[in-house]
Amino acid sequence: FKSFAAQPRLSLVTQTLYKASVDVLHFLLVFLTIFFTYAVGGMSLFGHHMEDFATILRAVNSCWRVILGDFDMSQLILEGPGYFEAMLWFWTFTLLVVLIMFNMVLSIIMDSYTEVKSQLGGDSETLFSQTYEIYRRWRGKQKGER
C-alpha cells in the first residue's frame, strides 16, 4: 500500500499493521495452539455424540462458530456427554479464547497504533481536507486564478 504513504492519516493504518505484524504473528502461534487444542478436546468430548464435532474439520468449524456467537449451546448440553463437561468446555473456551485472547490481540494492535500515532503528530492533514484543497486548487485553475 505504497500509495497510502502520501496521505499521513492513511499511512497510519498501514504503518500500524506493519509495526504490529511481528507481535501478531507470535500471538497467532499461541492462539492457534490453544484453538486447535480446544478443537481436538471438543472432538474427543463431543465427537461420538454430535455431528458438529465428528471430525477435526467440523470441530474447528464449530469452535470458530462459538467465537462468532453462532452456536447452539442447548444442543451441546442435550447431545453431549454431560452437562458438566459441556459447560466446562464451553465456558473455558469462551473465557480464554474469546475474551482474553481477542483482547490481547486488540491491545497489541492498539500499542502499535499509539506508538505510530505519536510519531505522526497531531497536526497532519486529513484525507477530506486534502481532497478539498485539491478541489480548491483545481477550481482556481479553471477560473484562471492560478
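Thresholds applied
- Residues numbered from 1 in each chain as written.
- Predicted model: local features only at pLDDT ≥ 70, side-chain atom pairs only at ≥ 80, totals over all residues.
- Heavy atoms only, no water.
- Helix = DSSP H or I, 4+ residues; strand = E, 2+ residues; numbered from the N terminus.
- Rg over C-alpha atoms; globule rule 2.2 N^0.38 Å.
- Buried < 20%, exposed > 50% of the residue type's maximum accessible area, 1.4 Å probe, protein only.
- Contact = heavy atoms within 4.5 Å.
- Areas by Shrake-Rupley, 256 points an atom, 1.4 Å probe, with all protein chains shown as cover.
- Lys, Arg positive; Asp, Glu negative; His and termini not counted.
- Charge placed at Lys NZ, Arg CZ, Asp CG, Glu CD.
- Patch = residues over 30% accessible without salt bridge, like charges linked within 9 Å, V, L, I, M, F, W, Y side chains within 5 Å.
- Salt bridge = Lys/Arg side-chain N within 4 Å of Asp/Glu carboxyl O.
- Core = buried A, V, L, I, M, F, W, Y, C linked by side-chain atoms within 4.5 Å.
- Polar contact = N/O pair within 3.5 Å; in protein donor to acceptor, adjacent residues only side chain to side chain.
- Axes fitted to C-alpha atoms, helices over the stretch in contact; angles between N-to-C directions.
- Left-handed = near helix turned anticlockwise from the far one by under 90°.
- Nonpolar A, V, L, I, M, F, W, Y, C, P; charged D, E, K, R; others polar.
- Phe/Tyr/Trp six-rings, centres within 6.5 Å; stacked < 30°, edge-to-face > 60°.
- Expected span 1.5 Å × (residues − 1).
- Bend = angle between axes of the 7 residues up to and from the residue.

The helix and strand inventory of the protein stands at five helices and zero strands. The C-alpha radius of gyration computed for the protein amounts to 24 Å, which surpasses the reference 15 Å derived for 146 residues by more than 25%, pointing to a less compact arrangement than a globule. Referenced to the eigenvectors of the C-alpha coordinate spread, the extents of the protein come out at roughly 80 × 30 × 20 Å. The proportion of buried residues among the 146 residues of the protein is 27%. If you take every contact in the protein between residues at least 6 apart in sequence, the share linking residues at least 24 apart comes to 65%. As displayed, the protein offers around 10000 Å² of accessible surface, 65% of which is attributable to carbon and sulfur atoms. Here the protein holds 12 positive side-chain charges and 13 negative ones, and the gap between their average locations is 22 Å.

Once that is clear, we can look at a nonpolar patch on the surface. The grouping of Leu25, Leu28, Leu32 and Phe36 at the surface amounts to a nonpolar patch, some 350 Å² of accessible area in total. Here Leu32 is to be found in helix α1 (residues 8–46).

Before going further, it helps to spend a moment on the nonpolar core. Phe53, Leu76, Trp89 and Phe93 are the most contacted members of the largest nonpolar core, which totals 25 residues. Where this core is concerned, the elements lending two or more residues are α1, α2 (56–68), α3 (73–79) and α4 (83–120). When residues in this core are grouped by element, the largest group, eight residues, is from α4. If sequence neighbours within four positions are ignored, Phe53 has contacts with Gly42, Met43, Phe46, Gly47, Ala59, Ser62, Phe71, Leu76 and Trp89.

Inspection of the secondary structure puts Ser62 in helix α2. Here Asp52 takes part through its backbone oxygen, which lies 2.9 Å from a polar atom of the side chain of Ser62. Here Ser62 is in contact with Asp52, Phe53 and Phe71, once residues within four sequence places are set aside.

With that out of the way, let us pick up the packing of α1 against α2. Contact geometry for α1 and α2: axes closest at 8 Å, N-to-C directions at 115°. Crossing handedness for the pair α1 and α2: right-handed. For the pair α1 and α2, the contacting residues are Phe31, Phe35, Phe36, Tyr38, Ala39, Val40 and Met43 in the first and Ile56, Ala59, Val60, Cys63, Trp64 and Ile67 in the second. A breakdown of the residues in the contact of α1 with α2 according to their chemical character gives 13 nonpolar, no polar and no charged.

A word on the packing of aromatic side chains. All told, the structure shown has 15 aromatic pairs when counted by the stated rule. Look at Phe71 and Phe90: their rings are 6.5 Å apart centre to centre, the planes differ by 15°, and that puts the pair in the stacked class. Taken together, the residues span a long stretch of sequence, with Phe71 in the loop between α2 and α3 and Phe90 in helix α4 at a distance of 19 residues. Taken individually, Phe71 and Phe90 each receive the classification buried, so the pair is uniform in this respect.

Let's shift gears to α4. The periodicity of an α-helix, 3.6 residues per turn, causes residues three or four places apart in sequence to face the same way. With 38 residues, α4 ought to run about 56 Å at 1.5 Å a step, and its terminal C-alpha atoms sit 53 Å apart, in line with that. A bend of about 25° at Thr94 is the largest found in α4. Buried residues of α4: Ala86, Trp89, Phe90, Phe93, Thr94, Val97, Met101, Val105, Ile108, Ser112 and Val116, and no others. Where α4 is buried, its residues contact α1, α2 and α3.

All we've got here are geometric facts, nothing functional implied.
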